[in-house]
Amino acid sequence: MSQYAKSRQTQISNPARRRWLASGSVGVAAAGLAGLQQNAIAQAVATTAAASPASKPLPSYVSWKDASALIVHSSGTIETRRSAFGTSVITPAEQLYVRNNLPAPDASIVANRDAWELQIDGVKRPATLNLKQLKRLGLETVTAVLQCSGNGRGLFPSKPSGTPWQIGAAGCVVWSGVPVRALIAALGGVTDGMVYMTGTGGEKLPDGIDPKSVMVERSVPLKALEEAILAWEMNGAPLPLAHGGPLRLIIPGYTGVNNIKYIKRLAFTTEQTEANIQKHGYRISPPGQKGDPTHPSVWEMNVKSWINSPAPETGEVPAGDTLIQGVAFGGMHAVKTVEVSVDGGKSWKAARFIGPDMGKYAWRQFVLAVRLDAGNYTIACRATDSQGQVQPEARVENAGGYNNNSWKDHALQINVVAA
């Protein structure tokens, strides 16, 4: 039995509340730096600190994960190390990042997965169905990138509040479940006039406070239902509690916060939810301003790529033949090409995709063979999607540090030494 399977068995037989540790940053970002070289130095400092022996241990609810592949920022924010991504398309569950806005429900909810209930509103025949019933309505599998909205936040020189993610709050996952469109069809269709699809998480809320202030409830444009699924399986295994099991809303191409864990209600609505996480949170707000409904919501992902190897955390690079490897994805569209630069963006060469194409929502691995003499290099990559949209040089400045897809921010400085 695998370590992952043993953990799930333990979770089922020993229900327990998740243990929350004191939150805090593991990475260290250099303040007040500007420019490509300074930003690369800040990344190296953050990566070195994250890899230190003082890094926090894994929380008990994810003890089944591979500690050597992860950086524990806090009990609810765990990042995949750059060096752990490897050269396969799919991110193993043991290495996938974790981002939880609230503690998970009791682990007993995965003891009898088929009993989990979902309330569906805003359709012509509203209903409450359990997972066993949902499984009879349809099945679809999609490979899609799951990425935290704040991935790349640690690369902002302004140091926005929140977890200073580098590149590891993302992974490429195979999801299986019932298509939302099939569920809607079984219930007579969406009621006329609905504009949004709203998902509500099943986390236990603290007593004595306004539920809207802390609940995980997100609204996305109605069109998202066409590709969305209600997933009960991840990478060929039952969805773990840590990643939203027994049932999670998956909206391919949308950032992680919109992919509601432990989903207990799916509603089609005329307005966006009034929950704080929607009304004020996850908004592209100007620096120094609090989010409000007039600011764009963090919904769709943009074209993005980054380099996984060679990288500062793996040390000096020997001179000679070198393979530059990384991942690229288009967000809502398939990624078409990737270019790599070894001189900080002054010149570019086309990289080659490797591995299978698993659909427009998945990422592609890429590689470029180069020969490097001893010296210091700034290596960068930029992707272009099937619609011709090119990964930008500059980030979009915003108070929350969201949606950073700047190739300049993601560039790496490496030291090549004589062999």
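Rules used throughout
- Residues numbered from 1 in each chain as written.
- Predicted model: local features only at pLDDT ≥ 70, side-chain atom pairs only at ≥ 80, totals over all residues.
- Heavy atoms only, no water.
- Helix = DSSP H or I, 4+ residues; strand = E, 2+ residues; numbered from the N terminus.
- Buried < 20%, exposed > 50% of the residue type's maximum accessible area, 1.4 Å probe, protein only.
- Contact = heavy atoms within 4.5 Å.
- Areas by Shrake-Rupley, 256 points an atom, 1.4 Å probe, with all protein chains shown as cover.
- 1 Å grid on protein atoms, 1.4 Å probe; cavity = no way out; pocket = protein on both sides within 12 Å on 5 of 7 lines; lining within 4 Å.
- Points joined across faces, edges and corners; volume = space filled by probe spheres on them.
- Nonpolar A, V, L, I, M, F, W, Y, C, P; charged D, E, K, R; others polar.
- Phe/Tyr/Trp six-rings, centres within 6.5 Å; stacked < 30°, edge-to-face > 60°.
- Polar contact = N/O pair within 3.5 Å; in protein donor to acceptor, adjacent residues only side chain to side chain.
- Salt bridge = Lys/Arg side-chain N within 4 Å of Asp/Glu carboxyl O.
- Pairing = 2+ DSSP bridges.
- Axes fitted to C-alpha atoms, helices over the stretch in contact; angles between N-to-C directions.
- Core = buried A, V, L, I, M, F, W, Y, C linked by side-chain atoms within 4.5 Å.

Chemist: Before we move on, can you summarise the overall build of the protein chain with the specific residues and values?
Modeler: From N to C terminus, the protein chain includes five helices and 22 strands. The buried share among the 419 residues of the protein chain stands at 55%. Considering only residue pairs separated by 6 or more positions, the protein chain has 72% of its internal contacts joining residues 24 or more positions apart. Accessible surface for the protein chain amounts to roughly 16,700 Å². Of this, 52% is attributable to carbon and sulfur atoms.

Chemist: Quick rundown of empty space enclosed by the protein? Include the residues and the values.
Modeler: For the structure on display, the rule yields eight cavities of 30 Å³ or more. Of the pockets and cavities examined, the largest cavity occupies roughly 230 Å³. The wall of the largest cavity is formed by 20 residues, among which Arg99, Asn101, Arg248, Gly256 and Lys261 lie closest to the centre. Of the residues assigned to the lining of the largest cavity, the class counts are ten nonpolar, six polar and four charged.

Chemist: I'd like a rundown of the packing of aromatic side chains, residues and numbers included.
Modeler: Counting across every chain of the model gives eight aromatic pairs. Ring geometry for Phe85 versus Trp306: centroids 6.3 Å apart, planes at 55 degrees, classification tilted. With Phe85 in the loop between β2 (77–80) and β3 (98–99) and Trp306 in strand β14 (residues 304–309), this residue pair connects regions lying 221 residues apart in the sequence. Of the two residues examined, Phe85 and Trp306, each falls in the buried class.

Chemist: Any chance you could break down the side chain of Gln278 for me, citing the residues and the numbers?
Modeler: You can see Gln278 is positioned in helix α5 (residues 276–279). In this structure the side chain of Gln278 is engaged in a polar contact, spanning 3.5 Å, whose partner is the side chain of Arg218.

Chemist: Tell me about the side chain of Arg364, residues and numbers included.
Modeler: Relative to the elements of secondary structure, Arg364 occurs in strand β20 (residues 364–372). Given a relative accessible area of 13%, Arg364 falls into the buried group. Engagement of the side chain of Arg364 in a polar contact is seen with the backbone oxygen of Gly355, the distance being 3.3 Å. If near-sequence neighbours (up to four positions away) are discounted, Arg364 is found in contact with Gly326, Val327, Ala328, Val335, Phe353, Ile354, Gly355, Pro356 and Asp357.

Chemist: Kindly report on the pattern of salt bridges, identifying the contributing residues and their values.
Modeler: Applying the stated criterion to the full structure yields eleven salt bridges. One salt bridge connects Asp321 with Arg371, and the closest N-O pair in it is separated by 2.9 Å. With Asp321 in strand β16 (residues 320–329) and Arg371 in strand β20, this residue pair connects regions lying 50 residues apart in the sequence. One salt bridge in this structure joins Arg395 and Asp409, with 2.6 Å as the shortest N-O distance. With Arg395 in the loop between β21 (375–385) and β22 (412–417) and Asp409 in the loop between β21 and β22, this residue pair connects regions lying 14 residues apart in the sequence. Judged by its relative accessible area of 3%, Asp409 falls in the buried class. Overlapping salt bridges, with partners in common, bring together Arg395, Glu397 and Asp409 in one network.

Chemist: Now, about the layout of surface pockets: what can you tell me, with residues and values included?
Modeler: There is about 550 Å³ of room inside the largest pocket. The wall of the largest pocket is formed by 33 residues, among which Arg99, Arg153, Gly162, Tyr282 and Tyr402 lie closest to the centre. Looking at the lining of the largest pocket, the elements that each hand over two or more residues are β1 (70–74) and α5.

Chemist: Before we move on, can you summarise the sheet that holds β20 with the specific residues and values?
Modeler: What the four strands build is an open sheet, ordered β14-β16-β20-β19; its pairing is antiparallel. This sheet does not close on itself; its edge strands, each paired only once, are β14 and β19 (352–354). This sheet shows a mean twist of 35 degrees between the axes of neighbouring strands, independent of strand direction. Bridge count for β16 against β20 is nine bridges, and the pairing is antiparallel. Paired with Gln325 across the bridge in β20 is Val367.

Chemist: Go over the nonpolar core, please, and point to the residues and values.
Modeler: Judged by nonpolar contacts, the single largest core of 47 residues is most densely connected at Val180, Met197 and Leu249. Looking at this core, the elements that each hand over two or more residues are β4 (117–121), α3 (131–134), α4 (180–186), β8 (196–201), β10 (229–234) and β13 (263–269).

Chemist: Describe the sheet that holds β3, listing the residues and the values that go with them.
Modeler: Either a parallel or an antiparallel arrangement is found when strands of a sheet pair, and the pairing is made through backbone hydrogen bonds. Pairing is antiparallel across the open sheet formed by three strands, whose spatial order is β1-β2-β3. Only two strands of the sheet have a single neighbouring strand rather than two, namely β1 and β3. Sheet topology places β2 next to β3; two bridges connect them, and they run antiparallel. Bridge pairing in β3 links Ile78 to Val98.

Chemist: Quick one: what's the story with the pairing of β10, residue by residue and with numbers?
Modeler: Residues in a regular strand project their side chains so that they alternate between the two faces of the sheet. Counting buried residues in β10 gives five out of six residues, a clear majority hidden from the surface. Sheet topology places strand β7 (residues 170–179) next to β10; five bridges connect them, and they run antiparallel. Following the sheet pairing, Pro179 is matched in β10 by Ile229. Relative to strand β12 (residues 248–250), β10 runs antiparallel, the two sharing three bridges. By the bridge assignment for β12, Ala231 is matched with Arg248. Once β10 ends, the chain turns through two residues before running back antiparallel as strand β11 (residues 237–238), passing Asn235 with a positive phi of about 55 degrees.

Chemist: Which residues make up unusual backbone geometry, and what values do they have?
Modeler: Glycine aside, a negative phi is what most residues show, and trans is what most peptide bonds show. With omega at 15 degrees, the peptide bond leading from Gly245 into Pro246 counts as cis. Mapping Pro246 onto the fold places it in the loop between β11 and β12. For the bond from Ser309 to Pro310, the omega torsion is -5 degrees, close enough to zero to count as cis. Mapped onto the elements, Pro310 comes out in the loop between β14 and β15 (317–318). At Tyr262, a position not held by glycine, the phi torsion is positive, near 45 degrees.

It is worth stressing that arrangement in space is one thing and function is another; only the former is reported here.
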